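Descriptive structure summary
Residues per chain, in single letters:
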Amino acid sequence: MSKVYVIQIPQRGGYKLDISGASEFGALQEPCFLNQADISQNPEEIMESLYDYFQDFRDGDFILQAGEHTLFSAACVVASNYVEEELKVLKWDRDFKNGKRSGGYYSEVKFKLS
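A word on the nonpolar core
- By size, the foremost hydrophobic cluster in this structure holds 32 residues, and its most contacted members are Ile7, Leu50, Phe54, Phe57, Ile63, Leu64 and Leu90.
- Looking at this core element by element, the count peaks at seven residues for helix 2 (residues 69-79).
- Not counting residues within four places of it along the chain, the set of residues in contact with Phe54 comprises Tyr5, Ile7, Ile63, Ala75, Val78, Ala79 and Tyr82.

And the structure:
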């Protein structure tokens, strides 16, 4: 079964992002960072944590796009070291009906590496 790797779960104003819908694509893994990690403050330590977190990442697994963008980018770079053909990312797409937001869904994006 595929796994969904979660870099961090954004929290704003006491609201925590619900990522349960991503479990449709695989088993949700515990987040790598439980707080709002800032890669600019300690990049070496964060990269080390990402390498540890992705050591079991394989073809068919996903990275959930959520949280700080630079941290997500670094996670993709690290994870690409553990797959051979493609890196798979889950992104949130908003669903609009009659010009109003009515929820959304996760969609898969594949990046060919070879």
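Notes on the pattern of salt bridges
- For the structure on display, the rule yields four salt bridges.
- Of the charged contacts, one joins Lys112 and Glu86 as a salt bridge, the two residues approaching to 3.2 Å between their closest N and O atoms. Pair noted here: Lys112 is in strand 7 (residues 100-112) and Glu86 is in strand 6 (residues 86-97), with a separation of 26 residues, a long-range link.
- Its relative accessible area of 65% is what places Lys112 among the exposed residues.
- Classification of Glu86 by relative accessible area gives buried; the value is 17%.
- A single network of salt bridges, built from pairs that share partners, joins Lys88, Glu108 and Lys110.

A few points about the environment of Ser23
- Tracing the chain through its elements places Ser23 in the loop between strand 3 (15-16) and strand 4 (27-28).
- For the pair Ser23 and Val4, spaced 19 residues apart in sequence, the C-alpha separation works out to 7.3 Å.
- At a separation of 2.7 Å, a polar atom in the side chain of Ser23 contacts the main-chain carbonyl oxygen of Ser20.

Examining the pairing of strand 1 (residues 3-6)
- When strand 1 meets strand 4, the two strands line up parallel, connected through two bridges. In the strand pairing of strand 4, Lys3 is matched with Ala27.
- With three bridges joining them, strand 1 and strand 5 (residues 62-64) adopt parallel strand pairing. By the bridge assignment for strand 5, Val4 is matched with Phe62.

Thresholds, definitions, all that
- In every chain, residue numbers begin from 1 and rise along the written sequence.
- Owing to the predicted nature of the model, reporting of local features is limited to residues with pLDDT of at least 70; listing and counting of side-chain atom pairs is limited to 80 or more, with chain, interface and lining totals taken over all residues.
- Computation of side-chain values: all heavy atoms of the structure, hydrogens and water removed.
- Only buried residues count toward a nonpolar core, which is a set of Ala, Val, Leu, Ile, Met, Phe, Trp, Tyr and Cys residues joined through side-chain atoms within 4.5 Å.
- Note on exposure labels: buried denotes an accessible area under 20% of the residue type's maximum, exposed denotes more than 50%, and partly exposed covers the range between, all computed with a 1.4 Å probe on protein chains only.
- The secondary structure listing takes helices from DSSP runs of H or I that are at least 4 residues long and strands from runs of E that are at least 2 residues long, numbered from the N terminus.
- Contacts were defined at the residue level, with two residues in contact if any of their heavy atoms lie within 4.5 Å.
- We count a salt bridge whenever a side-chain nitrogen from Lys or Arg sits within 4 Å of a carboxyl oxygen from Asp or Glu.
- Any N or O atom pair separated by 3.5 Å or less is treated as a polar contact, with the protein-specific requirement of one donor-capable and one acceptor-capable atom, and with residues adjacent in sequence counted only for side-chain atom pairs.
- Only strands that DSSP links by at least two bridges are regarded as paired with each other.

Just distances and angles here, no functional claims.
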